[in-house]
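Residue strings, one per chain:
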Amino acid sequence: LPLLLKATLLHLASGSYHPFYNGFYYNHIMNDNDDGQDKVDYFNGARLVVETSRDPVYSYNGANVTLPCHYHYEPDLGPKRKIRIKWSKLRDDFTKEQDVLVAIGKTYMAFGDFKGRAHIHQASRHEASLVITDVRLKDDGKYRCEVIDGLEDENDVVDLRLKGIVFPYQPPRGQYRLNFHEAEHVCQDQGAILANFNQLFQAWSEGLDWCNAGWLADGTVQYPIRLPRKPCGGVHLAPGIRSYGPRHRHLHRFDAFCFSSALKGEVFYLDRPAGMTLEEAKQSCQDAGAEIARVGQLYSAWKFLELDRCSAGWLADGSVRYPIVTPRANCGPAEPGVRSFGFPSKGRFGVFCYRER
């Protein structure tokens, strides 16, 4: 063992040993020409500073958005140096960050769902902004802009928020029938995704009051209360977001809080004098060059397009609902909202259709 240790130390001391190099972070440990000559990067006395937007950047489904990021040196080093840029998305459950894009000079590579949708915008000196095209619902969240110059590595975080609406969802089988993975699927089926806490909090601040607990994207179960009452945590608790904390994603069952953003198309209403069955309603939408609307699309049309219709209509999940912007007699409660008739097994109604623009 002593002889082996001695031999190892002699090998490390020789010129044949190369330090660890991962091809991205430490561009000065081995030089860019890869001629086998090691280089040492000494601290140059300048401090690398990375800055993003202090305020959230707002966008919506289907839009293009730029997440600003700039860097500089204190003191200024003059001409632009060759640096590495890395963008990553932080996860709601604080697990490993999702790689979005890496760039070296004019060469970049996007990863996963961001392939073909993400690139670096460098219109000015020391800019490292990220452009995301065709924004999707799950793009909502916090992004880290990381700049690497040799052994110096600095970063800052910017918050991308989609303009949207949170709505509670129960399946036809009734209350508290969904585990976490089923909740993810039912939201996707309704043109939405599971809401995150920030989205639920925003909805609560805008007036959402719902006494049934539902899954959120991070695997916690929560519900928003504006008017404290006995069945909803008690009358002595202050208004706010009630939380059950993280629940078992397979075993525990609750409802879901879904999030939908602004629409690329339009929702419109069709009817017949005698009404329609669900199958007839689907066919009527197809005949109009559209498809039967999903629940998330109806909520989005109500919130962003001010769709107001005091006539009940079928939706894709087999539910019957109608959106009210201006409350009035014979149109339900005194507050605006999307009214629900549940999931009738029979009956004849109109239908809400969705058509892309």
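Residues numbered from 1 in each chain as written. Predicted model: local features only at pLDDT ≥ 70, side-chain atom pairs only at ≥ 80, totals over all residues. Heavy atoms only, no water.

### Quick notes on the overall build of the protein chain
Here is the rule: Every helix listed is a DSSP run of H or I at least four residues long, and every strand listed is a run of E at least two residues long, numbered separately from the N terminus. Each residue is assigned to one of three classes by its accessible area relative to the maximum for its type, calculated with a 1.4 Å probe on protein chains only: buried under 20%, partly exposed between the two thresholds, exposed over 50%. Contacts are residue-level and defined by heavy atoms, with any inter-residue pair within 4.5 Å sufficient. All accessible areas in this document rest on Shrake-Rupley with a 1.4 Å probe, and a residue is counted as covered only by the protein chains that are shown.
Secondary structure assignment for the protein chain yields five helices and 23 strands. Counting all 357 residues of the protein chain, 43% fall into the buried class. Relative to all contacts within the protein chain whose residues are 6 or more apart in sequence, the contacts with residues 24 or more apart total 60%. Total accessible area on the protein chain stands at roughly 18900 Å², and carbon and sulfur atoms take up 53% of it.

### Examining the state of the cysteines
The condition is simple: Our working definition of a disulfide is a cysteine sulfur pair at a distance within 2.5 Å.
Applying the stated criterion to the full structure yields five disulfides. Paired through a disulfide, C69 and C145 show a sulfur-sulfur distance of 2.0 Å. One disulfide, between C69 and C145, carries an S-S torsion of -80 degrees and so falls in the left-handed class. Residue C69 is located in strand β4 (residues 69-74), and its partner C145 is located in strand β10 (residues 141-149); the two are separated by 76 residues in the primary sequence. The pair formed by C69 and C145 is uniform in burial state, with each residue classed as buried. In this model C211 forms its disulfide with C232; the gap between the sulfur atoms is 1.9 Å. The sign of the S-S torsion, about -120 degrees, decides the handedness of the disulfide formed by C211 and C232: left-handed. On the criterion of sequence distance, the pair formed by C211 in the loop between α3 (197-205) and β14 (214-215) and C232 in the loop between β15 (220-225) and β16 (240-246) is long-range, its members being 21 residues apart.

### Remarks on the sheet that holds strand β5 (residues 84-89)
For clarity, the cut-off: DSSP-based pairing: two strands are paired if at least 2 bridges between them are found. To obtain an axis, a line is fitted to C-alpha atoms, over the contacting stretch when the element is a helix, and the angle between two such axes runs from 0 to 180 degrees between their N-to-C directions.
Spatially, β2-β11-β10-β5-β6-β7 is the arrangement adopted by the six strands of the open sheet, whose pairing is mixed. Edge strands, defined here as strands with exactly one partner in the open sheet, are β2 (57-59) and β7 (107-110). Neighbour to neighbour, the strand axes of the sheet diverge by 20 degrees on average, direction disregarded. Pairing between strand β6 (residues 98-104) and β7: four bridges, direction antiparallel. Across the sheet, residue V102 finds its bridge partner in β7, namely M109.

### Observations concerning the packing of aromatic side chains
Note the threshold: Note on aromatic contacts: the rings of Phe and Tyr and the six-membered ring of Trp form a pair at centre separations within 6.5 Å, being stacked when their planes are under 30 degrees apart, edge-to-face when over 60 apart, and tilted otherwise. Either the NZ atom of lysine or the CZ atom of arginine qualifies as a charge over a ring when it sits within 6 Å of the ring centre and within 35 degrees of the ring normal.
Under the criterion given, the structure shown has 14 aromatic pairs. Aromatic side chains F180 and W215 sit 5.6 Å apart centroid to centroid with 75 degrees between the ring planes, which places their arrangement in the edge-to-face category. Of this pair, F180 sits in helix α2 (residues 180-189) while W215 sits in strand β14; the two residues are 35 residues apart in sequence, bridging distant segments of the chain. Look at F180 and you get buried, because its relative accessible area is 2%. Judged by relative accessible area, which is 0%, W215 ranks as buried. A network of ring pairs unites the aromatic residues Y176, F180, W215, Y223, Y244 and F254 as a single cluster. When the ring centre of W204 is taken as reference, the NZ or CZ atom of R226 above it lies at 5.4 Å.

### Comments concerning the nonpolar core
Formally: By nonpolar core we mean a set of buried residues, namely Ala, Val, Leu, Ile, Met, Phe, Trp, Tyr and Cys, connected to one another through side-chain atoms within 4.5 Å.
Core analysis: the largest hydrophobic core is formed by 86 residues, its most contacted members being L67, W87, L101, L130, Y143, V267 and F352. For this core, the element with the most residues is helix α5 (residues 295-304), which contributes five residues. Excluding residues within four positions of it along the chain, L130 makes contact with V65, T66, L67, W87, V100, L101, A118, H119 and Y143.

### Focus: the layout of surface pockets
To keep things clear, this is the line we draw: With a 1 Å grid spanning the protein atoms alone, the term cavity applies to any set of points in which a 1.4 Å probe fits but cannot get out, the term pocket to an open set with protein on both sides within 12 Å along at least five of seven lines, and the term lining residue to any residue with an atom within 4 Å of a point. Grid points are joined across faces, edges and corners, and a volume is the space filled by probe spheres set on the points. Here the term charged refers only to Asp, Glu, Lys and Arg, the term nonpolar to Ala, Val, Leu, Ile, Met, Phe, Trp, Tyr, Cys and Pro, and the term polar to all other amino acids, Gly among them.
Roughly 630 Å³ of volume is contained in the second largest pocket. What lines the second largest pocket is a set of 23 residues, and nearest its centre among them are K89, D92, K138, E184 and A217. Counting only elements with at least two residues in the lining of the second largest pocket, the list comes to α2 and β13 (193-194). It is α2 that provides the largest number of residues to the lining of the second largest pocket, a total of three residues. The residue inventory of the lining of the second largest pocket, partitioned by class, reads seven nonpolar, four polar and 12 charged.

### What to know about the side chain of R144
To be explicit about the condition: Any pair of N or O atoms that falls within 3.5 Å is considered a polar contact. Within protein, one atom must be able to donate a hydrogen and the other to accept it, and sequence-neighbouring residues count only if both atoms are side-chain atoms.
Turning to its location among the elements, R144 is positioned in strand β10. Among the polar contacts made by the side chain of R144, one reaches the side chain of E97 at a distance of 2.7 Å. A polar contact is formed between the side chain of R144 and the side chain of N155, at a distance of 2.8 Å. In contact with R144, other than residues within four places in its own chain, are K86, W87, S88, L90, E97, N155, D156 and V157.

### Quick notes on the confidence of the model for the protein chain
Cut-off, in case you're wondering: Confidence of the predictor in every single residue is expressed as pLDDT, which spans 0 to 100.
Taken residue by residue, the protein chain gives an average pLDDT of 87. The fraction at 70 or more is 85%. Here residues 1-43 scores under 50 on pLDDT; set against residues more than four positions off or in separate chains, the count is 48 contacts.

### Some words on the pattern of salt bridges
For clarity, the cut-off: Salt bridges, as used here, are contacts in which a Lys or Arg side-chain nitrogen is within 4 Å of a carboxyl oxygen on Asp or Glu.
Applying the stated rule across the entire model yields 17 salt bridges. R144 is paired through a salt bridge with E97; the nearest N and O atoms lie 2.7 Å apart. In this pair, R144 is assigned in strand β10 and E97 in the loop between β5 and β6, connecting sequence segments 47 residues apart. The salt bridge involving K303 is made with E206; its shortest N-O contact spans 3.3 Å. Here the residue K303 occupies a position in helix α5, and E206 occupies one in the loop between α3 and β14, the gap between them amounting to 97 residues. Residue K303 is classed as partly exposed on the basis of its relative accessible area, which comes to 32%. Where salt bridges share partners, they join K142, D159 and R161 into one cluster.

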